[in-house]
Amino acid sequence: MTEVATIGSPLFYIVFFVAVLVMIGIDMLTLKKTGAHKVSTKEALIWTVVWVLVSCAFAGWLYWEVAQSHGAALAKTKVLEYFTGYVLEKSLAVDNLFVFLMIFSYFKVPAQYQHRVLLYGVLGAIVLRAIMVFVGAALVSRFEWILYVFGAFLLYTGIKMVKHNDGDDNEDLSQNKMLQWLKKHIHVSERLDDEKFFTIENGKRIATPLLLVLIMVELSDVVFAIDSIPAIFAVTTDPFIVLTSNIFAILGLRAMYFLLADMADRFVYLHYGLAFVLSFIGIKMLILHWVHIPVGISLSVVFTALVVAMAASLLHKPKRTE
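Reading the values: rules and limits
Residues numbered from 1 in each chain as written. Predicted model: local features only at pLDDT ≥ 70, side-chain atom pairs only at ≥ 80, totals over all residues. Heavy atoms only, no water. Helix = DSSP H or I, 4+ residues; strand = E, 2+ residues; numbered from the N terminus. Rg over C-alpha atoms; globule rule 2.2 N^0.38 Å. Buried < 20%, exposed > 50% of the residue type's maximum accessible area, 1.4 Å probe, protein only. Contact = heavy atoms within 4.5 Å. Areas by Shrake-Rupley, 256 points an atom, 1.4 Å probe, with all protein chains shown as cover. Lys, Arg positive; Asp, Glu negative; His and termini not counted. Charge placed at Lys NZ, Arg CZ, Asp CG, Glu CD. Pairing = 2+ DSSP bridges. Phe/Tyr/Trp six-rings, centres within 6.5 Å; stacked < 30°, edge-to-face > 60°. Salt bridge = Lys/Arg side-chain N within 4 Å of Asp/Glu carboxyl O. Polar contact = N/O pair within 3.5 Å; in protein donor to acceptor, adjacent residues only side chain to side chain. Core = buried A, V, L, I, M, F, W, Y, C linked by side-chain atoms within 4.5 Å. Patch = residues over 30% accessible without salt bridge, like charges linked within 9 Å, V, L, I, M, F, W, Y side chains within 5 Å. Expected span 1.5 Å × (residues − 1).

Chemist: Explain the overall build of the chain here, please?
Modeler: Within the chain, the regular secondary structure consists of 11 helices and 2 strands. If you list the helices and strands of the chain from N to C, you get α-α-α-α-α-α-β-β-α-α-α-α-α. Radius of gyration (C-alpha) of the chain: 21 Å, near the 20 Å computed for a compact globule of 322 residues. Judged by the C-alpha coordinates and their principal axes, the chain covers about 70 × 50 × 40 Å. For the chain, the residues scored as buried account for 49% of the 322 residues in total. If you take every contact in the chain between residues at least 6 apart in sequence, the share linking residues at least 24 apart comes to 82%. Surface accessibility of the chain: about 16700 Å² in total, with carbon and sulfur atoms responsible for 66%. When the 26 basic and 25 acidic side-chain charges of the chain are each reduced to a single mean position, those positions are 3 Å apart.

Below, the structure written as structure tokens:
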């Protein structure tokens, strides 16, 4: 059987984007109906399960369609690539959630207003990731050697993550240069106006602190996308699989935030698991010319590393402060 560069036919892209738009529409209608409110753990868990089921349903449809047109062997490979990319993106997104929590804490954003910020943050992330995926796919198809650059970068990032975790990882946002630049160039109110991004003060329309929060959330996703997009290209160079696994993982990011926010400080060893995953993916890309690591093994390694890191974190007993 000849190798297929991509399974992304027009029909596949249409089905994917329709599924995404329908789910986003349902999510936005739900938000409009319930209004600004604090998302409970139960609600977050339900939405997390819903997003996972939708992602699995898409994988089932993908397997069926690819098997019909290209055979069961390729269908199995593509679905394995999809799930590996999905788990990989989900795991890296957890680290991003901690940054969101830090941003919300710094700006003292009440829990009932975080919901809307994250919804718009996810929409922006979808557009950003789609652009980065297609640019990355174009670069890989034209310059195959760029995979080695991706690999070296991921290995460096993994090592840096371990060193960063061993030191002081409490970033002071007041010293963030981008935030300082935004405050100088955007007229921002001193107070929030419910969940609005703009308000009227002294007859003038100005931004609320919530707009700065949204911008910082989007910028943080740019930083994390620089890690996650190259990592998925280590799993597959099929742009359709890279895009779909990435976007479906991002869609559940908001629900996962509210599910894990209250216990974020418990995941003390998660950085080590993520560092191992990035280093493993980086090494995989660097040796791909000599050693081929099957997708199934990659999925097992990524999943095992995350489970071990999270289990160790939950079993960890924090030291009591006198």
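Chemist: I would appreciate a short explanation of the pairing of strand β2 (residues 204-207) in the present structure.
Modeler: Both faces of the sheet carry side chains from a regular strand, because those side chains alternate between them. Note that strand β1 (residues 198-201) and β2 share 4 bridges and pair antiparallel. Within the sheet, the bridge partner assigned to F198 lies in β2 and is A207. Linking β1 to β2, which pair antiparallel, is a turn of 2 residues; within it N202 sits at a positive phi near 55 degrees.

Chemist: Looking at this structure, I do not really get the packing of aromatic side chains. What am I missing?
Modeler: The geometry of an aromatic ring pair is captured by the separation of the ring centres together with the interplanar angle, meaning the angle of the planes. A complete count under the given rule lists 24 aromatic pairs for this structure. With centroids separated by 6.5 Å and ring planes inclined at 75 degrees, the aromatic side chains of F16 and F240 adopt a geometry described as edge-to-face. Here F16, found in helix α1 (residues 10-34), pairs with F240, found in helix α8 (residues 239-251); they are 224 residues apart in sequence, far enough to count as distant. A residue is classified by how much of its surface remains accessible, and F16, at 1% relative accessible area, is buried. For the ring pair F150 and F233, a centre distance of 6.4 Å and an interplane angle of 35 degrees mean the geometry is tilted. Taken together, the residues F150 in helix α5 (residues 146-166) and F233 in helix α7 (residues 209-233) connect sequence positions 83 residues apart. Residue F150 is classed as buried on the basis of its relative accessible area of 15%. Members of the aromatic cluster, each reached through a chain of ring pairs, are F12, Y13, F16, F17, F58, W61, Y82, F83, Y86, F134, F240 and F248.

Chemist: Where do I start with the side chain of K90 in this structure?
Modeler: Along the polypeptide, K90 turns up in helix α3 (residues 72-106). This buried residue, K90, is left without a salt bridge; E89 holds the nearest opposite charge, at 8.7 Å. In terms of polar contacts, K90 uses its side chain to reach the backbone carbonyl oxygen of A249, at 3.4 Å. With sequence-adjacent residues up to four places away left out, K90 is seen in contact with A249, G252, L253 and M256.

Chemist: Looking at this structure, I do not really get the nonpolar core. What am I missing?
Modeler: Nonpolar side chains tend toward joint burial in soluble globular proteins. In this structure, L88, F240, L251 and I281 are the most contacted members of the largest nonpolar core, which totals 98 residues. With 15 residues, α3 is the single largest residue contributor to this core. Look past the residues within four positions of L251 in its chain and what remains in contact with it is V20, I24, W51, V122 and I126.

Chemist: Quick question: what am I supposed to make of a nonpolar patch on the surface here?
Modeler: There is a patch of nonpolar side chains on the surface, built from V127, I131, V135, L139, F143, W145 and V149 and spanning about 630 Å² of accessible area. Per-element tally for the nonpolar patch: the top contributor is helix α4 (residues 111-142), with 4 residues. Its location among the elements puts V127 in helix α4.

Chemist: I tried to follow α8 on my own but got confused; where do I start?
Modeler: An α-helix turns once every 3.6 residues. As a result, residues three or four positions apart point the same way. With 13 residues, α8 should reach 18 Å at 1.5 Å per residue; the first-to-last C-alpha distance of 18 Å fits that figure. Along α8, 13 of the 13 residues are buried, which leaves the element largely enclosed by surrounding structure. You can read the cap of α8 off the contacts: a side-chain oxygen lies 3.0 Å from the backbone nitrogen of F240, and it is on D238.

Chemist: What should I look at first to understand α7 in this one?
Modeler: Taking 1.5 Å per residue as the helical rise, α7 with its 25 residues ought to reach 36 Å, and the 36 Å between its terminal C-alpha atoms agrees with that figure. Here α7 lies mainly inside the structure; 20 of its 25 residues are buried.

Chemist: Is there a simple way to explain unusual backbone geometry in this structure?
Modeler: With the exception of glycine, most residues fall at negative phi, and the peptide bonds are largely trans. Phi is positive for K108, which is not a glycine, with a value near 55 degrees. Note on placement: K108 falls in the loop between α3 and α4.

Chemist: Hey, could you run me through the environment of L118 in this one?
Modeler: With respect to the helices and strands, L118 occurs in helix α4. On the accessibility criterion, L118 (3% relative accessible area) is buried. Taking the C-alpha atoms as reference points, L118 and L214, 96 residues apart in sequence, are found 7.7 Å from one another. Apart from residues no more than four positions distant in its own chain, L118 is found in contact with F100, F104, R254, Y257 and F258.

Function cannot be inferred from these measures alone, as they are strictly geometric.
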